[in-house]
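Structural description and commentary
Each chain, letter by letter, is given below.
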Amino acid sequence: MEAHLRLEGVAKVFAASGRSAPVPALGPLDLEVRRGEFLSIVGPSGCGKSTLLDIAAGLLAPSAGRVSFEGREVRGATPPGLGVVFQQDASYPWLTVSENIGFGLRRRGLPAQAVADRVEEAIRLMGLSAFARAYPAQLSGGMRQRVCIARTLVTEPRLVLLDEPFAALDAQTRLLMGDELLKLWRRAGATIVLITHSLEEAALLSDRVLLMSARPGRIIETLATGWPSERSSDLLTDPRFAALTQRLWTALAPEARRALGLGSEAA
Amino acid sequence: MALAAGRAGIVLALLLALEAAVRWGAVSRNAVAPPSDMVAALLRLAGSGLLWRLAAPTFAAVAAAIALAVVGGLVFGLLLAASPRLRRAIEPLLLSYYAVPIFVFYPLLIVVLGLGPLPLVAIGAAFGVISVALSLLQGLDRLPTPILKSARLEGLGPWATAWHIRLPFAAPFVLHGAKLAVAAAFIGVIGGEFILAPNGLGRAIANAYNDFDNPLLYGLLLFVISVVTAVNLGLHAFERRLREQRGLA
Ligand SMILES: Nc1ncnc2c1ncn2[C@@H]1O[C@H](COP(=O)(O)OP(=O)(O)O)[C@@H](O)[C@H]1O
Ligand SMILES: [Mg+2]
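Attention here is on the structure that accompanies the text.

Thresholds applied
Residues numbered from 1 in each chain as written. Chains lettered and ligands numbered in written order. Predicted model: local features only at pLDDT ≥ 70, side-chain atom pairs only at ≥ 80, totals over all residues. Heavy atoms only, no water. Helix = DSSP H or I, 4+ residues; strand = E, 2+ residues; numbered from the N terminus. Rg over C-alpha atoms; globule rule 2.2 N^0.38 Å. Buried < 20%, exposed > 50% of the residue type's maximum accessible area, 1.4 Å probe, protein only. Contact = heavy atoms within 4.5 Å. Areas by Shrake-Rupley, 256 points an atom, 1.4 Å probe, with all protein chains shown as cover. Donors = N, O, S within 2.8 Å, 3.2 Å for Na, K, Ca; no water. Axes fitted to C-alpha atoms, helices over the stretch in contact; angles between N-to-C directions. Parallel < 35°, antiparallel > 145°, perpendicular 65-115°, else oblique. Left-handed = near helix turned anticlockwise from the far one by under 90°. Nonpolar A, V, L, I, M, F, W, Y, C, P; charged D, E, K, R; others polar. Lys, Arg positive; Asp, Glu negative; His and termini not counted. Salt bridge = Lys/Arg side-chain N within 4 Å of Asp/Glu carboxyl O. Polar contact = N/O pair within 3.5 Å; in protein donor to acceptor, adjacent residues only side chain to side chain. Near = heavy atom within 4 Å. Pairing = 2+ DSSP bridges. Right-handed = clockwise from strand over helix to strand, strands pointing away.

A few points about the overall build of chain A
- In terms of regular secondary structure, chain A is built from seven helices and 10 strands.
- A compact globule built from 267 residues would reach a C-alpha radius of gyration of about 18 Å, and chain A, at 19 Å, matches this within 12%.
- Dimensions of chain A along its principal axes, counting C-alpha atoms only, are 60 × 50 × 40 Å.
- Split into buried and exposed, the 267 residues of chain A put 53% on the buried side.
- Summarising the internal contacts of chain A: among those between residues at least 6 apart in sequence, 69% fall at separations of at least 24.
- A total accessible area of about 12300 Å² is found for chain A, and carbon and sulfur atoms account for 52% of it.

This is the structure we're talking about:
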């Protein structure tokens, strides 16, 4: 089966600026995302995860290698059908919550009633019903992030890239949003790539987990979780979840130490 | 609310003090008319229709100057934002714009544009173009990268991004510059008329002054001050609402 998203030999070196030396931020790495899978990418902070996402979405040109989405090369522009949720707040402060969520749909020229219906449903799914007319400035950081998630999902992308979307949420909301994401994934049949620094989140939600090395990030391990697609946060108490998290940490700990400059001796 | 009432109270108290000072002879009636006479003169002017005939060309020129300042300033600001090198070269010059006595250019403008509304519009817009452009730049500098990336995801080109993303984001900042532009348009146009113009409020004020026509002079002054204050209060309220909406207040 063809890969939904494929990165071949992709690397990024940020050019030197002023007195600072060039920064090798990412790769070279190869990556294949299968159509319909839920894939998580975990790596220590600063290892190039957000850079990887920008490159995959066509927002940043790689220094080497190529990216293809649905068999076509991604170059200089985001292909239709590919949605992104950024790590930082990208809500539009001049629009209300529902106007934010409907922004892309309106640009696609959908009739007003269809936009309103889809926006309303997305607002309900994200638990924002009481805030439809509020402006982002009146929301918490976590709620703003939910607005951005809704704004992306409402356009029904075939592939969704999410960059640490739940980082601003408290632990409980995080679990609930993870469950919602799983439901949406099953219902929409979209491919999901979730970037996270949370091993638990990756272990719980994914079909496969990719582990990245410290900067410049490469793929050091790929793990299949073996979960059935009907899954939820109930797995938290499953002994297999603990074993999986343990395995991920064993592989990742040396990289996390390296990223912090702690050396490699066992703790 | 209490603050606004307090402010109105202070203005009222000053007017009453002036009224008392003139009526009891502490200030000569030839120098200042009592406020009650100013109001009466203004009402007479408005009733006779003269006020509107005097004010129409002035307001038309002010409106044109404001429109020119806002549109020109936005385009100028977007150009500077799009070209960092141009911006680095001329922004330092622009930053001292408020120190330039622009009226020294008025005779030149009359020579170039002829005696009529055009030099007035130009002098009324000159200051505002720059204040709008600079305030736009200030807003654009704060535009978060993820918002720009979202625009690219949506497939917005440079113009669509300017229209749908950059300008709405910068609106509260631009409004601040626009407020200065509105004040400058009134000053520029009325000041220009005062110096040399075939008609308009500034011309009428200068004539009333030359003719020692105090009721007309003060009626017109009161009118100009009232209009400018009302316009500014309106803009101020709008700016405050926008800033509250954005959590900038
Ligand atoms: N525009 C840039 N210019 C220079 N260095 C950058 C730039 N963007 C990111 N970096 C550097 O590249 C590395 C990877 O960044 P990033 O992809 O944001 O990491 P992550 O998302 O995994 O935390 C970091 O060391 C970061 O400082
Ligand atoms: Mg990141």
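Side note on the coordination of the magnesium ion (ligand 2)
All names here are of chain A.
- Protein coordination at the magnesium ion (ligand 2) comes from S50 (OG) and Q87 (OE1), with a distance range of 2.1 to 2.3 Å. Here Q87 lies in the loop between β6 (82–85) and α2 (97–107) and S50 lies in helix α1 (residues 49–56), a separation of 37 residues in the sequence.
- Taking the relative accessible area as the measure of exposure, Q87 reaches 35% and is therefore partly exposed.

A look at the packing of α2 of chain A against helix α4 (residues 141–153) of chain A
Residues and elements named next belong to chain A.
- At a minimum axis separation of 7 Å, α2 and α4 run at an interaxial angle of 30°. As judged from the angle between their axes, α2 and α4 are roughly parallel. Crossing of α2 over α4 shows right-handed handedness. The segment α2 lies against α4, with V97, N100 and I101 engaging V147, A150 and R151.
- Residues of the contact of α2 with α4, tallied by class, amount to four nonpolar, one polar and one charged.

Here we look at the packing of helix α5 (residues 106–113) of chain B against helix α6 (residues 117–140) of chain B
Residues and elements named next belong to chain B.
- Where α5 contacts α6, the axes come no closer than 8 Å and their chain directions differ by 135°. Here α6 runs oblique to α5, going by the angle between their axes. Handedness of the α5/α6 crossing: right-handed. In this structure, α5 uses Y106, L109, I110 and L113 to contact α6, whose residues at the interface are L118, P119, L120, A122 and I123.
- By residue class, the composition of the contact of α5 with α6 is nine nonpolar, no polar and no charged.

Points about the side chain of K12 of chain A
Residues and elements named next belong to chain A.
- Along the chain, K12 falls in strand β1 (residues 3–14).
- No salt bridge forms around the buried K12; measuring N to O, its nearest opposite-charge neighbour D54 is 9.3 Å away.
- There is a polar contact of 2.8 Å between the side chain of K12 and the backbone oxygen of A61.
- When neighbours within four sequence positions are excluded, K12 is seen to be in contact with V23, P24, A25, L26, T51, I55, L60, A61, P62 and S63.

Some words on the site of ligand 1
Residue and element names in this part refer to chain A.
- Taken together, F14, A25, S45, G46, C47, G48, K49, S50, T51 and R215 are the residues near ligand 1.
- Contact distances for ligand 1 include 2.6 Å between an oxygen atom and a side-chain N or O atom of T51.
- Within the contact set of ligand 1, an oxygen atom lies 3.4 Å away from a side-chain nitrogen or oxygen of R215.
- Against a free-state accessible area of 560 Å², the protein chains account for coverage of 60% of ligand 1.
- When residues in the shell around ligand 1 are grouped by element, the largest group, three residues, is from α1.
- For the shell around ligand 1, the per-class residue count stands at three nonpolar, five polar and two charged.

A closer look at the environment of V209 of chain A
Residue and element names in this part refer to chain A.
- With respect to the element layout, V209 can be found in strand β9 (residues 208–212).
- On the basis of relative accessible area, V209 is assigned to the buried category, the value being 1%.
- Through-space distance from the C-alpha of V209 to that of T225 is 7.4 Å; in sequence the pair is 16 residues apart.
- When near neighbours in sequence (up to four residues on either side) are disregarded, V209 contacts S40, V42, A202, E221, T222, L223, T225 and L248.

Considering the pairing of strand β7 (residues 159–163) of chain A
Residues and elements named next belong to chain A.
- Burial runs high along β7: five of the five residues are buried.
- Here β6 runs beside β7; their pairing, made up of four bridges, is parallel. When the sheet's bridge partners are listed, V84 is paired in β7 with L161.
- Read as a crossover between parallel neighbours, the route from β7 over helix α5 (residues 171–188) to strand β8 (residues 191–196) is right-handed.

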